[in-house]
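Okay, here's what each chain looks like letter by letter:
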Amino acid sequence: LTCPVFALAVLSAATLQASHAMYYCFGTISFQTAGYAGGTIGLLWSVGVLAEILVFAASSTFKKPIPPPLLLMIGGLAGMVRWSTMGLFPHGIPLSLLIVLQALHGFTFGAVHLGAMGFLGMATPGSLRSSAQGMYTAIGDGGAMAFATALSGALYSRYHSSAFLAMGALSAAGFLGALVISKIWNGKELQVI
């Protein structure tokens, strides 16, 4: 993490992934509170997983890879829309809109994951890639997700579904970090001193 570009990329991707914390912990509760039955809730989760799979499958069909910072920005924009919309409908979202928001999981998770892995593959020297991926996983899936999960519990208990707005703010922070990366990283391997 001593390289500012690497640190910013890891923190941006970790923040974007951590924006899912409230959804993972309280998404089903939020859907139940809005009156959706178990079968419908299962279908909604399936839409998100299917969208993620489709993004992964489509990613290998492009002749030229999408730049990692752009993938992170796409995920950040999708997260701002997805989480903010969920927060703006505290008493439930119409099913048709909720299906669209669930489909954004392909970008909020899938595009961010592809962007993070793409950055690590392009920016880190070969001898450090496994360490870099381990660091990203520890920070993103460990530290950032744990922090966002604790924050989600506190916010959801007080604000219920409106607390999803905080996840929209995390997405905005991750988007801004990715935007900075797109301006300062030349797309090449970083120099390790």
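Being a predicted model, the structure only gives us computed values, none of them experimental.

In this section: the overall build of the chain. Secondary structure assignment for the chain yields eight helices and zero strands. Counting helices and strands in the order they occur from the N terminus, the chain gives α-α-α-α-α-α-α-α. Relative to the globule expectation of 16 Å for 193 residues, the C-alpha radius of gyration of the chain, 17 Å, shows essentially globular dimensions. Each principal axis of the C-alpha distribution contributes one length, and for the chain these read about 55 × 35 × 25 Å. Counting over 193 residues, the chain shows a buried share of 42%. Taking the contacts inside the chain whose residues are at least 6 apart along the sequence as the reference set, 84% of them involve residues at least 24 apart. Here the chain has roughly 9400 Å² of accessible surface; of this, 71% comes from carbon and sulfur atoms.

Spanning 19 residues, helix α6 (residues 105-123) covers 26 Å between terminal C-alpha atoms, matching the ideal 27 Å at 1.5 Å per step. All buried positions along α6 are accounted for by H105, G106, T108, F109, G110, A111, V112, G115, A116, F119, L120 and A123. Looking at the buried residues of α6, the elements they touch are α1 (4-18), α2 (21-33), α3 (38-59), α4 (68-88), α5 (95-103) and α7 (129-159).

Moving on: the pattern of salt bridges. Applying the stated criterion across every chain yields a total of one salt bridge. Notably, a salt bridge pairs R129 with E189, separated by 4.0 Å at the nearest N-O pair. A residue pair is termed long-range when its members are at least 10 positions apart, and R129 in helix α7 and E189 in the segment after α8 (164-184) qualify at 60 residues. On the accessibility criterion, R129 (34% relative accessible area) is partly exposed.

With respect to the helices and strands, F109 occurs in helix α6. Each C-alpha atom, one on F109 and one on A13, is 9.8 Å from the other, the two residues being 96 residues apart in sequence. When near neighbours in sequence (up to four residues on either side) are disregarded, F109 contacts Q17, H20, Y24, E52 and F56.

Membership of the largest hydrophobic core comes to 20 residues, with the highest contact counts inside it found for F6, F119, W185 and L190. Residues in contact with F119, not counting those within four places in the same chain, are V5, F6, A9, P68, T124, W185 and L190. Counting 19 residues, the second largest nonpolar core, distinct from the first, contains Y36, L98, L101 and Y156.

Turning to the packing of α3 against α6, a few remarks are in order. Axis separation between α3 and α6 bottoms out at 8 Å; the angle between their running directions is 40°. In this view, α3 runs oblique relative to α6, as classed from their interaxial angle. The two elements α3 and α6 meet at a crossing, and its hand is right-handed. For the pair α3 and α6, the contacting residues are G48, A51, E52, V55, F56 and S59 in the first and H105, G106, F107, F109, G110, A111, H113 and L114 in the second. Partitioned by chemical class, the residues of the contact of α3 with α6 number seven nonpolar, six polar and one charged.

Another aspect to go through is the packing of aromatic side chains. In the structure shown here, the tally under the stated rule is eight aromatic pairs. For the pair Y23 and W83, a centre-to-centre distance of 5.6 Å together with 40° between the ring planes defines the contact as tilted. Residue Y23 is located in helix α2, and its partner W83 is located in helix α4; the two are separated by 60 residues in the primary sequence. No difference in accessibility class separates Y23 from W83, as the two residues are buried. Ring pairing ties together the aromatic residues Y23, Y24, F31, W45, W83 and F164, which thus form one cluster. Between R82 and the ring centre of Y23, over which it is positioned, the NZ or CZ distance is 4.7 Å.

Conventions and cut-offs
Residues numbered from 1 in each chain as written. Predicted model: local features only at pLDDT ≥ 70, side-chain atom pairs only at ≥ 80, totals over all residues. Heavy atoms only, no water. Helix = DSSP H or I, 4+ residues; strand = E, 2+ residues; numbered from the N terminus. Rg over C-alpha atoms; globule rule 2.2 N^0.38 Å. Buried < 20%, exposed > 50% of the residue type's maximum accessible area, 1.4 Å probe, protein only. Contact = heavy atoms within 4.5 Å. Areas by Shrake-Rupley, 256 points an atom, 1.4 Å probe, with all protein chains shown as cover. Expected span 1.5 Å × (residues − 1). Salt bridge = Lys/Arg side-chain N within 4 Å of Asp/Glu carboxyl O. Core = buried A, V, L, I, M, F, W, Y, C linked by side-chain atoms within 4.5 Å. Axes fitted to C-alpha atoms, helices over the stretch in contact; angles between N-to-C directions. Parallel < 35°, antiparallel > 145°, perpendicular 65-115°, else oblique. Left-handed = near helix turned anticlockwise from the far one by under 90°. Nonpolar A, V, L, I, M, F, W, Y, C, P; charged D, E, K, R; others polar. Phe/Tyr/Trp six-rings, centres within 6.5 Å; stacked < 30°, edge-to-face > 60°. Lys NZ or Arg CZ within 6 Å of the ring centre and 35° of its normal.

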